[in-house]
Amino acid sequence: MATGPARKGLLVATFSTLVVAALVAYTVGSSPAWPEVQKAFFDGRYFSTSLPAVAEAFTINIRLFIIAELLILPIGLLIALARSITAPALAPLRIFATIFVDFFRGVPSILIIYVLGFGVPALQLDGVPKEPFFWALVTLVLIYSAYVSEVYRAGIESIHPSQERAARALGLTRIQALRYVVIPQAFRRVIPPLLNDFIGLQKDTALVSILGVVETFKQAQILKAASFNFTPLMTTALIFLIITIPMTRLVDRLAAKDRNAQLGGTR
Amino acid sequence: MAAPKPAPVIELKGLKKRYDGRLVLDGINLSLAEHEVVCLIGASGSGKSTLLRCADLLEPIDAGSIHLDGARVAFEDRDADETRRKLGIVFQGFNLFPHLTVLENVALAPRVALSLTPRAAERRAKELLKSLGLAEKAREYPDKLSGGQQQRVAIARALATEPKVLLLDEITSALDPVLVAEVLETLRSLAESGMTMLIATHEMAFAADVADRICYLEGGRLVEEGSPKRIFGSPRDPRTKEFLRRVRSISGGRRGPGR
Ligand SMILES: Nc1ncnc2c1ncn2[C@@H]1O[C@H](COP(=O)(O)OP(=O)(O)O)[C@@H](O)[C@H]1O
Ligand SMILES: [Mg+2]
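In this text, all values refer to a predicted model and were calculated from it rather than measured experimentally.

Thresholds applied
Residues numbered from 1 in each chain as written. Chains lettered and ligands numbered in written order. Predicted model: local features only at pLDDT ≥ 70, side-chain atom pairs only at ≥ 80, totals over all residues. Heavy atoms only, no water. Buried < 20%, exposed > 50% of the residue type's maximum accessible area, 1.4 Å probe, protein only. Helix = DSSP H or I, 4+ residues; strand = E, 2+ residues; numbered from the N terminus. Pairing = 2+ DSSP bridges. Contact = heavy atoms within 4.5 Å. Buried area = accessible area lost by both parts, 1.4 Å probe. Salt bridge = Lys/Arg side-chain N within 4 Å of Asp/Glu carboxyl O. Polar contact = N/O pair within 3.5 Å; in protein donor to acceptor, adjacent residues only side chain to side chain. Nonpolar A, V, L, I, M, F, W, Y, C, P; charged D, E, K, R; others polar. Core = buried A, V, L, I, M, F, W, Y, C linked by side-chain atoms within 4.5 Å. Patch = residues over 30% accessible without salt bridge, like charges linked within 9 Å, V, L, I, M, F, W, Y side chains within 5 Å. Areas by Shrake-Rupley, 256 points an atom, 1.4 Å probe, with all protein chains shown as cover. Axes fitted to C-alpha atoms, helices over the stretch in contact; angles between N-to-C directions. Expected span 1.5 Å × (residues − 1). Arc of directions from axis to C-beta. pLDDT = per-residue confidence, 0-100.

Right, let's get into the pairing of strand β9 (residues 213-218) of chain B. Residues and elements named next belong to chain B. Taking burial as the measure, the 6 residues of β9 include 5 buried ones, the bulk of the element. Here β9 pairs with strand β10 (residues 221-226) via 5 bridges, running antiparallel. In the strand pairing of β10, Leu217 is matched with Leu222. Between the end of β9 and the start of β10, which pair antiparallel, lie 2 residues, with Gly219 showing a positive phi angle near 55°.

Below, the structure is given as structure tokens:
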């Protein structure tokens, strides 16, 4: 249990937090328009009526980010490997991968969603799907594969070159050295940043609402438009928080564990 | 010296290596016969590590050639990986794989590079570890071992592909003095078992004791070579004399090589 100084610290932290919270509540609550705002954004009735529909629509977001993540993890790795290729004959692959990453990291997601989600189906090409869900998936996979490939690449580069050289000296090929020596060591280090990107992906599933996919945010907007009350949007926000906060804590825990492991290990 | 010399296992001919335009190896000619133990001595920066890395096909060379069992081999070869399996190298910094156990470290190359079955690879690794007195460390991770033990695991790992030549780059320099002896002992018994070895070392007493031949390297050139007795006893080149004088004055009261 908490010992003397730690316990005192906890008390001080609790007290100061309560004071700040009370001050904020008082300031907001005493503003003349607060009753209006409260009715518009935090209406208990609208919360309970919107919850079932908004929560059900959230299953679309879940489907979207699970399918997307399953595609992003391997695609991101392939892009990272393509960027680390040194063979001159395969230079086009490396250049393509570099342009891909620069492009999808450099352009705002919402623009990419517009262009791919509306533009490509508008071409009316035979055999090209038109469903918004499909294009929502494609855009998220492209954007996040670019981000995730950079996470992998940083992880691979964080492993000292002497490790790869030791593997090559044993007669392993470059691919084998990556597969058995570099990537397994890099993987542990990239889990926290990968989870961070995963959280970002979950939030960005709301962006595809602009393509007309009735996911949770779109559903909330529909309910808001019908009732002239913003509470459904708050319901959606709450659902996102319920999912993302535990993941954020997990990332922190893993990152702290990794730091400790590195401090504890030799060299 | 009447009998014809047996064909060398490894031969370096006119080897040159540049870093950023600067000549680091300047026409090295060196060959090792089977079972021969050659020690490379020389001040730090003289090019010993570079020579070993080039000989192991870990880096391209700028001129000259490398021959293994009479066949020319090169960094650029398509089958350079295969050649590297026939050469073992141990680095000063161990470079063990921290995510693998000692046994897995040693078994990795037989399994992956030689395509042995996992069981056969493990059997070979166990035998090697046993012969180096590391049997009971097989399941440990490298960071649980002492420096001397780690370096002996690195030796076992390099031997696991059954190389024709073992290249060793100052493998005791990163060790506490008390741990040096156990690693040198391992090398001594490898030499006795007939392993062909090229050893870069600062341990002059050890070199005098174990080497068939000593090569003195300075500024990327092989200045002088000969039997330990000759090099340590009556060096001819003034540069060799100067180097040995400096080494002896540093090692002070310690038992100097070659009496
Ligand atoms: N990767 C490298 N890039 C540039 N210069 C290097 C590199 N490796 C070694 N050198 C230089 O080559 C020379 C020989 O170094 P090295 O082979 O490590 O000598 P030794 O092992 O005898 O101490 C040194 O001057 C060193 O600075
Ligand atoms: Mg060196």
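What follows picks up the thread again.
At the junction of the two partners, chain B supplies 24 residues and chain A supplies 19 residues. Here chain B meets chain A over a buried area of about 1,800 Å², counting both sides, of which 60% is carbon and sulfur. When the buried surface of chain B facing chain A is broken down by residue, B:Phe97, B:His99 and B:Val112 rank first, second and third, together holding 26% of it. Linking chain B with chain A are 1 salt bridge, by the criterion used here. For B:Asp81, the salt bridge identified is with A:Arg168, shortest N-O distance 3.1 Å. Our enumeration of links across chain B and chain A arrives at 6 residue pairs in polar contact (both at pLDDT 80 or more). For the side of chain B that touches chain A, the secondary structure elements donating two or more residues are α2 (80-85), β6 (87-90), α3 (102-112) and α5 (147-159) of chain B. A per-element tally of the side of chain B that touches chain A places α3(B) first, with 4 residues. Here the side of chain B that touches chain A is composed, by residue class, of 12 nonpolar, 4 polar and 8 charged.

Another point: the nonpolar core. Formed by 52 residues in total, the largest nonpolar core has its most connected members in B:Ile155, B:Leu187 and B:Met197. The element contributing the most residues to this core is helix α6 (residues 177-192) of chain B, with 7 residues. Excluding anything up to four places from it in sequence, B:Ile155 contacts B:Val90, B:Leu132, B:Ile171, B:Val183, B:Thr186, B:Leu187 and B:Leu190. Counting residues in each nonpolar core, the second largest holds 42 residues, with A:Leu170, A:Leu172, B:Leu100 and B:Leu167 among its members.

Quick look at the pairing of strand β7 (residues 165-169) of chain B now. Residues and elements named next belong to chain B. β7 sits mainly inside the fold: 5 of its 5 residues count as buried. Bridge count for β6 against β7 is 4 bridges, and the pairing is parallel. For Leu87, the partnering residue across the bridge sits in β7 and is Val165. Where β7 lies against strand β8 (residues 196-200), 5 bridges are found, and the strand directions are parallel. What sits directly across from Leu166, in β8, is Met197.

Let us look at a nonpolar patch on the surface. A cluster of nonpolar residues, A:Ile110, A:Leu111, A:Tyr114, A:Val115 and A:Phe118, forms a patch on the protein surface that exposes about 460 Å² of accessible area. On the accessibility criterion, A:Phe118 (40% relative accessible area) is partly exposed.

Residue and element names in this part refer to chain B. Pairing within the open sheet is mixed, and its 6 strands lie in the order β6-β7-β8-β3-β9-β10. A strand with exactly one partner marks an edge of an open sheet, and here the two such strands are β6 and β10. On average, each strand axis in the sheet is tilted by 20° relative to the strand beside it, whichever way the strands run. Along the sheet face, α5 touches β6 and β7 and points at about 170° away from the line of β6.

Residue and element names in this part refer to chain B. An ideal rise of 1.5 Å per residue puts 22 Å on 16 residues; α6 measures up with 23 Å between its terminal C-alpha atoms. Among all positions of α6, only Leu179, Val180, Val183, Leu184, Thr186, Leu187, Leu190 and Ala191 are buried. End-on, the buried residues of α6 take up no more than an arc of 150°, which puts them together on one face. Along α6, the residues that are exposed and aim more than 90 degrees away from the buried face are Val178 and Glu192. Looking at the packing, one finds that the buried side of α6 touches β3 (37-41), α5, β7, β8 and α7 (204-210). Where α6 ends, the next residue or the one after it, Gly194, has phi of about 100°, a positive value.

This part covers the confidence of the model for chain B. Detailed conclusions should not be drawn from predicted coordinates in areas where pLDDT is low. Residue and element names in this part refer to chain B. Looking at chain B, the pLDDT average stands at 92 and 95% of residues meet or exceed 70. Within chain B, α3 carries the highest mean pLDDT (97), whereas helix α9 (residues 238-251) carries the lowest (89). Scored as a whole, the predicted complex attains pTM 0.79, and scored at its interfaces, ipTM 0.90.

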